[in-house]
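If you want the building blocks of each chain, they are given just below.
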Amino acid sequence: MRILISHLHGDHVFGLPGMLHSLSFMGRTRELEIIGPKGIAELVTAVNRVVTFYANFDLRIREVRPGQIIRDPEYKIHVSAGKHGIPCLAYAFEEVPKPGRFNPGKAKKLGIPEGPLWKKLQSGRGIKLKGRCISSSELVGPSRKGLKITYAVDTRPCPQVVKLASRSDLLIHDSCFDETAATKARDYGHSTAAEAAHVAKKSRSRRLALFHISAMYEDASPLLAQAKAVFPETILPHDMVTVSVPP
Ligand SMILES: [Zn+2]
Ligand SMILES: [Zn+2]
């Protein structure tokens, strides 16, 4: 429902017009929002105008700035700035805390009939049963932290990304180069795999996914080894792979 764009370099936006076209062609009717830095609205509207494309669905474009928070009932997206040659955004997607687990066994033991009274307790409210007050905390455990996923590509390692990624369950970080090309990483506003690993460590993230690997590596396993030496919980995902993030 939302597409987040980091910056306006070609490798990050040229796929977008084609994707919008395909979605419309495939019969999408659900609204879609594109979120990105200043200039994203101009880019999408210009391409759509030139090729005379009208989406079959409601297409919204929102330009955001570092420091902004995008709010949804189920999650928040924090916007921060990466360190690249041009303005580049990094995003942290964070679910709102989930309610604690309900103990149905205990509810039955206390003689609370299944139905609206259970719902009331699950939503954090107390109930009255046969003259006795039962609070929600007697049957519902502590609320659980939502998952946090941080996406920071096309960036040098930098303090604002460390802060944004604080305690992420998954950090997806730029790892364009290996250690032998560290100067290249610095010159082009990218990171080495080991630098990404240091960001994961400093931000106390749980897991790191190496991302945006340079096409010059036919075999990227040295990058994985270099990152793992700093931060063992590192993975090197292939395109289209599904990574599950356990709570
Ligand atoms: Zn770039
Ligand atoms: Zn890029």
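Preceding this section is the structure that the text describes.
Attention in this report is confined to the structure presented alongside it. (Residues numbered from 1 in each chain as written. Chains lettered and ligands numbered in written order. Predicted model: local features only at pLDDT ≥ 70, side-chain atom pairs only at ≥ 80, totals over all residues. Heavy atoms only, no water.)

Around the zinc ion (ligand 1), the protein contributes the donor atoms His7 (NE2), His9 (ND1), His84 (NE2) and Asp154 (OD), at 2.2 Å from the metal centre. Angles of 84 to 167° at the metal separate the 4 donor atoms of the zinc ion (ligand 1), which places the site in the irregular class. Read N to C, the donor residues that coordinate the zinc ion (ligand 1) are spaced as H-x1-H-x74-H-x69-D. Here the zinc ion (ligand 1) and the zinc ion (ligand 2) are spaced 3.7 Å apart, with aspartate 154 acting as a shared donor. (Donors = N, O, S within 2.8 Å, 3.2 Å for Na, K, Ca; no water. Tetrahedral: all angles 85-135°; square planar, octahedral: opposite > 155°, others 65-115°.)

What follows is about the environment of phenylalanine 177. Checked against the element boundaries, phenylalanine 177 lands in the loop between strand E10 (170–174) and helix H7 (182–187). The exposure class assigned to phenylalanine 177 is buried, which follows from its relative accessible area of 7%. The contact partners of phenylalanine 177, leaving out residues within four places of it in the chain, are Lys184, Ala185, His190, Ser191, Thr192, Ala193, Ser214, Met216, Tyr217 and Leu223. (Helix = DSSP H or I, 4+ residues; strand = E, 2+ residues; numbered from the N terminus. Buried < 20%, exposed > 50% of the residue type's maximum accessible area, 1.4 Å probe, protein only. Contact = heavy atoms within 4.5 Å.)

Quantified by volume, the largest pocket comes out at close to 700 Å³. Lining the largest pocket are 18 residues, with Ile3, Leu4, Ile5, Tyr151 and Phe211 sitting closest to its centre. Breaking the lining of the largest pocket down by element, the ones donating at least two residues are strand E1 (2–4), helix H1 (10–13), helix H2 (15–25), strand E6 (89–95) and strand E9 (148–152). Taken together, the residues of the lining of the largest pocket break down into 12 nonpolar, 4 polar and 2 charged. Considering only enclosed or pocket space, the second largest pocket measures out at about 290 Å³ in volume. In this structure, the second largest pocket is lined by 14 residues; those nearest its centre are Leu170, Ile172, Pro237, Val241 and Val243. Mapped by element, the contributors of at least two residues to the lining of the second largest pocket are E9, E10 and strand E11 (208–211). In terms of residue class, the lining of the second largest pocket is made up of 11 nonpolar, 2 polar and 1 charged. (1 Å grid on protein atoms, 1.4 Å probe; cavity = no way out; pocket = protein on both sides within 12 Å on 5 of 7 lines; lining within 4 Å. Points joined across faces, edges and corners; volume = space filled by probe spheres on them. Nonpolar A, V, L, I, M, F, W, Y, C, P; charged D, E, K, R; others polar.)

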